[in-house]
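Coordinate analysis (summary)
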Amino acid sequence: MCDDGSGTQTVDVSGNETAIVANVPAPYVLEYYDVLANAQSGNGTGEILDPTNYATSTSQTIYVRVINADNCASIAEFNVVVNPQPSVPANIPNLEECDDDTDGVMTFDLTDNEAAIVANEPNPGDYTVTYYASAGDRTNGTAVPNATAFANTGSPDIMTIYVLVEDTSTGCTTEAEFDIEVIAIPTATMPVTYELCDTNGDSQEQFDLSTLDTTVNNDPNVTITYHATQNDADAG
């Protein structure tokens, strides 16, 4: 079973009854214990009185005292294994894309976050990461069909992606979320021609282009750089 994070898991330890008594003729009595000495003594000390709702916080060996019609007893045992949930970081980075055509929609590769999602696990290859466009889709198992080319939907331009991480060896899962955001491209206003007088007749003057910043864009969160050619500007 999987650890649900509550600290205590409940399991029906009587579920193995058919296998335990496969070669035992009826009638018989089964007593369940989690301490071997108690099962061997057979005096009822430490007996699990409700084996259909056995609570444990860790993996545990269960001992079954099998008593036949002649009042002879034998001990069988099996393990209740509590598997951990996948460990996922509390804060998964958001994915951002610049809105190159101002329509508020961009295509994201959701798997760009996969390494961050399984970063806490020593063997990331043992886990599968599935992405969903809504919490309801995750509940219904309707995954994003192409996680490497997902276009955001709706408005505003921030969308939550819902994630399910599964340990492929145990089937235990953990849920997580992160946002994808389409960033608006800053607008630029072309300044008037910047002119200076040629004070010494050499056709050269020192221009302080930073004085044009507030004309180009007065948003303090926007960084403005100047380039001698369009190619240089495109290259950043």
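Conventions used here
- Residues numbered from 1 in each chain as written.
- Predicted model: local features only at pLDDT ≥ 70, side-chain atom pairs only at ≥ 80, totals over all residues.
- Heavy atoms only, no water.
- Helix = DSSP H or I, 4+ residues; strand = E, 2+ residues; numbered from the N terminus.
- Polar contact = N/O pair within 3.5 Å; in protein donor to acceptor, adjacent residues only side chain to side chain.
- Contact = heavy atoms within 4.5 Å.
- Salt bridge = Lys/Arg side-chain N within 4 Å of Asp/Glu carboxyl O.
- Buried < 20%, exposed > 50% of the residue type's maximum accessible area, 1.4 Å probe, protein only.
- Pairing = 2+ DSSP bridges.
- Axes fitted to C-alpha atoms, helices over the stretch in contact; angles between N-to-C directions.
- Disulfide = S-S within 2.5 Å.

1. Regarding the side chain of R65
Assignment of secondary structure puts R65 in strand β4 (residues 60–68). One polar contact links the side chain of R65 to the main-chain carbonyl oxygen of A39, over a distance of 2.9 Å. Of the polar contacts made by the side chain of R65, one reaches the backbone oxygen of Q40; its length is 3.2 Å. If sequence neighbours within four positions are ignored, R65 has contacts with V29, L30, E31, Y33, A39, Q40, S41, G42, A73, S74 and I75.

2. Examining the pattern of salt bridges
All chains considered together, the criterion is met by 2 salt bridges. For E175, the salt bridge identified is with R138, shortest N-O distance 3.4 Å. Of the two residues, E175 sits in strand β11 (residues 173–184) while R138 sits in helix α4 (residues 135–140), which places them 37 residues apart along the sequence. Judged by relative accessible area, E175 falls into the exposed class, the value being 52%. Here R138 falls in the buried class, since its relative accessible area comes to 11%.

3. Quick word on the sheet that holds strand β5 (residues 73–80)
Taking strand neighbours across the sheet as the criterion, the 3 strands line up as β2-β4-β5 in an open arrangement whose pairing is antiparallel. Only two strands of the sheet have a single partner each, and these edge strands are β2 (28–33) and β5. Between one strand axis and the next, the sheet turns by 25 degrees as a mean value, whatever way the strands run. As judged from the 6 bridges shared by β2 and β4, these two strands associate in the antiparallel manner. Paired with L30 across the strands is V66, a residue of β4.

4. A short note on the state of the cysteines
Following the criterion strictly, the structure yields 1 disulfide and no others. Disulfide pairing is shown between C2 and C172; the S-S distance is 2.0 Å. Here C2 and C172 share a disulfide; its torsion about the S-S bond, -95 degrees, makes the bridge left-handed. Taken as a pair, C2 in the segment before β1 (9–11) and C172 in the loop between β10 (158–167) and β11 lie far apart in primary sequence, 170 residues in all. For C2, a relative accessible area of 31% corresponds to the partly exposed category.

Shape is all these values report; function is a separate question.
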